[in-house]
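Structure assessment
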Amino acid sequence: MSSTQVVVTVIVVLVLAALAAVAVVAGRRRALRQRFGPEYDRVVAEQDSRSAAERELRERERRHAELALTPLSPESRARYAAAWEELQVRFVDSPAETVGDADELVSRLIAERGYPAGDFSEQAAHLSVEHARTLGHYRDAHEIRLRNERGEAGTEDLRQALVHYRALFADLLGEDPVGPRPPEQRHPDHEHDVTSR
């Protein structure tokens, strides 16, 4: 083999290796985008670089794999659904208090499923691996709850917080906490179902 052929062969091998590396990175990026959805873009915006964001997301996956998550029993699921329905009914009379109660109920559900009950940021990071599609709702609800504690949230904000909490709650529960019922079975107080709008 001549020196020219050797040089050409080496160049071809290097180009193929570079293309393979690019394909691997693109595949990992695509998998992370599919798994984390909007959370992928949020983390990329927060980090210094895309590669730092992707390292963070892979680290979340690693930590998530170490969790001992458990599905809810039918009894627990029914208990949580009943508690949520009770929250919705109470919202009409005491929206500010109900939003705080909704946060507590969601936190209990998160803990019962096996997620750490640490601070909000840590909790959100763990949830992002399997519940990224509804995590934005949880972040929005949390922010409204904090505004409510400072006296800066109106009734419409509080209603929206309950809607946001319900999205994650239903995702964690595995079903809508207050399933549809025929109108004739609906209690008159439920005509003001704040989270169905």
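Small disclaimer: the values here were computed from a predicted structure and weren't measured.

Here's the deal with the overall build of the protein chain
Scanning the protein chain from N- to C-terminus turns up seven helices and zero strands. Along the chain direction, N to C, the helices and strands of the protein chain fall in the order α-α-α-α-α-α-α. Taking as baseline every contact in the protein chain between residues at least 6 positions apart, the subset at least 24 positions apart corresponds to 64%. By element, 54% of the accessible surface of the protein chain is carried by carbon and sulfur atoms, the whole surface being about 11100 Å².

A look at the environment of Glu112
Looking at the element boundaries, Glu112 is found in helix α5 (residues 95-113). For Glu112, a relative accessible area of 30% corresponds to the partly exposed category. The sequence separation of Glu112 and Thr70 amounts to 42 residues, and the corresponding C-alpha distance is 7.7 Å. What Glu112 contacts, discounting residues up to four positions off in sequence, is Thr70, Leu72, Ser76, Arg79 and Tyr80. A distance of 2.8 Å separates polar atoms of two side chains, one belonging to Glu112 and the other to Tyr80.

Examining α5
Here α5 contains 19 residues, and its C-alpha end-to-end distance of 27 Å stays within 8% of the 27 Å for a straight helix at 1.5 Å per residue. Those residues of α5 that fall on the buried side of the exposure criterion are Pro95, Thr98, Val99, Ala102, Asp103, Leu105, Val106, Leu109, Ile110 and Arg113. Looking straight down α5, one finds its buried side chains confined to an arc of 165°; they lie on one side. Looking at the buried residues of α5, the elements they touch are α4 (74-91), α6 (120-149) and α7 (155-173). Directly beyond the C-terminal end of α5, a positive phi value near 110° is found at Gly114.

Some thoughts on the nonpolar core
The biggest cluster of nonpolar side chains holds 30 residues, and the ones touching the most others in it are Trp84, Val106, Ile110, Leu127, Tyr138, Tyr165 and Phe169. Sorting elements by how many residues they give to this core places α7 first, with eight residues. With eight residues, the next largest nonpolar core counts Leu32, Tyr40, Val44 and Ala53 among its residues.

A few points about the confidence of the model for the protein chain
Of all residues in the protein chain, 89% attain a pLDDT of 70 or more, and the chain-wide mean is 84. Every residue in residues 180-197 is under pLDDT 50, and counting partners more than four places away or in other chains gives 22 contacts.

A few points about a nonpolar patch on the surface
A cluster of nonpolar side chains, Val7, Val8, Ile11, Val12, Val15, Leu16 and Leu19, forms an exposed patch at the surface whose accessible area comes to about 620 Å². Its place among the elements puts Leu16 in helix α1 (residues 3-36).

Considering the packing of α4 against α5
Two elements in contact, α4 and α5, have axes separated by 9 Å at closest approach and are oriented at 170°. When the axes of α4 and α5 are compared, the pair comes out roughly antiparallel. Where α4 crosses over α5, the handedness of that crossing is left-handed. Note on element contacts: α5 touches α4 through Pro95, Thr98, Val99, Asp101, Ala102, Leu105, Val106, Arg108, Leu109 and Glu112, opposite Ser76, Arg79, Tyr80, Ala83, Trp84, Leu87, Arg90 and Phe91.

Topic: the side chain of Gln88
Its location among the elements puts Gln88 in helix α4. Side chain to side chain, Gln88 and Arg166 meet in a polar contact 2.8 Å long.

Remarks on the pattern of salt bridges
All told, the structure shown has 19 salt bridges when counted by the stated rule. Ionic pairing is found between Arg139 and Glu39, a salt bridge with its closest N-O pair at 2.7 Å. Residue Arg139 is found in helix α6, and its partner Glu39 is found in helix α2 (residues 38-46); the two are separated by 100 residues along the sequence. Its salt-bridge partner being Arg42, residue Glu46 comes within 2.2 Å of it at the nearest N-O pair. Taken together, the positions of Glu46 and Arg42, both in helix α2 and four residues apart, correspond to about one turn of that helix.

Rules and cut-offs
- Residues numbered from 1 in each chain as written.
- Predicted model: local features only at pLDDT ≥ 70, side-chain atom pairs only at ≥ 80, totals over all residues.
- Heavy atoms only, no water.
- Helix = DSSP H or I, 4+ residues; strand = E, 2+ residues; numbered from the N terminus.
- Contact = heavy atoms within 4.5 Å.
- Areas by Shrake-Rupley, 256 points an atom, 1.4 Å probe, with all protein chains shown as cover.
- Buried < 20%, exposed > 50% of the residue type's maximum accessible area, 1.4 Å probe, protein only.
- Polar contact = N/O pair within 3.5 Å; in protein donor to acceptor, adjacent residues only side chain to side chain.
- Expected span 1.5 Å × (residues − 1).
- Arc of directions from axis to C-beta.
- Core = buried A, V, L, I, M, F, W, Y, C linked by side-chain atoms within 4.5 Å.
- pLDDT = per-residue confidence, 0-100.
- Patch = residues over 30% accessible without salt bridge, like charges linked within 9 Å, V, L, I, M, F, W, Y side chains within 5 Å.
- Salt bridge = Lys/Arg side-chain N within 4 Å of Asp/Glu carboxyl O.
- Axes fitted to C-alpha atoms, helices over the stretch in contact; angles between N-to-C directions.
- Parallel < 35°, antiparallel > 145°, perpendicular 65-115°, else oblique.
- Left-handed = near helix turned anticlockwise from the far one by under 90°.

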